[in-house]
Amino acid sequence: MGGEGSMMHAIKSLQANRALRKKRKSLSEIRDSGYTQKGNDSLVFKKVDALELKRIKKNIQLQMRREARRKNILSLVLTLLFILVIVYLVFG
């Protein structure tokens, strides 16, 4: 009969998962192992004046526009190449 191999694989997979679950540490064990969060780790940002912030924003927008244009050109070239290959295969 067919299917014995797939059923055996399912059984082995369940056994392996059960073994992994038994090895996993519980939350209380993690707490007892000494892992604690110390202090307040809040983010500290640099202070920047409004003109510098505008300049940074424009640079980021310019980079994004260049990247988008590059992706559009690449997709156009690949599409045209794909169309040329299809036309060549159909009529060649």
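Residues numbered from 1 in each chain as written. Predicted model: local features only at pLDDT ≥ 70, side-chain atom pairs only at ≥ 80, totals over all residues. Heavy atoms only, no water.

Some remarks on the overall build of the chain
Within the chain, the regular secondary structure consists of three helices and zero strands. Each helix (α) and strand (β) of the chain, taken in turn from the N terminus, gives the series α-α-α. Taken across its 92 residues, the chain has 0% of its residues classed as buried. For the chain, the exposed surface amounts to about 9700 Å²; the carbon and sulfur share of it is 63%. (Helix = DSSP H or I, 4+ residues; strand = E, 2+ residues; numbered from the N terminus. Buried < 20%, exposed > 50% of the residue type's maximum accessible area, 1.4 Å probe, protein only. Areas by Shrake-Rupley, 256 points an atom, 1.4 Å probe, with all protein chains shown as cover.)

Comments concerning a positive patch on the surface
Taken together, the side chains of Arg18, Arg21, Lys22 and Arg24 make up a positively charged region of the molecular surface. With respect to the helices, strands and loops of the structure, Arg18 is situated in helix 1 (residues 4-23). (Patch = residues over 30% accessible without salt bridge, like charges linked within 9 Å, V, L, I, M, F, W, Y side chains within 5 Å. Salt bridge = Lys/Arg side-chain N within 4 Å of Asp/Glu carboxyl O. Lys, Arg positive; Asp, Glu negative; His and termini not counted. Charge placed at Lys NZ, Arg CZ, Asp CG, Glu CD.)

Description of the confidence of the model for the chain
Per-residue pLDDT for the chain has a mean of 86; in total, 83% of the residues score no lower than 70. Averaged over each element, pLDDT in the chain is lowest for helix 2 (residues 27-32) (68) and highest for helix 3 (residues 50-91) (97). (pLDDT = per-residue confidence, 0-100.)

Considerations on a nonpolar patch on the surface
On the surface, a nonpolar cluster with roughly 820 Å² of combined accessible area is contributed by Leu76, Leu80, Phe82, Ile83, Ile86, Val87, Val90 and Phe91. When you line up the elements, Leu80 lands in helix 3. For Leu80, a relative accessible area of 45% gives the class partly exposed.

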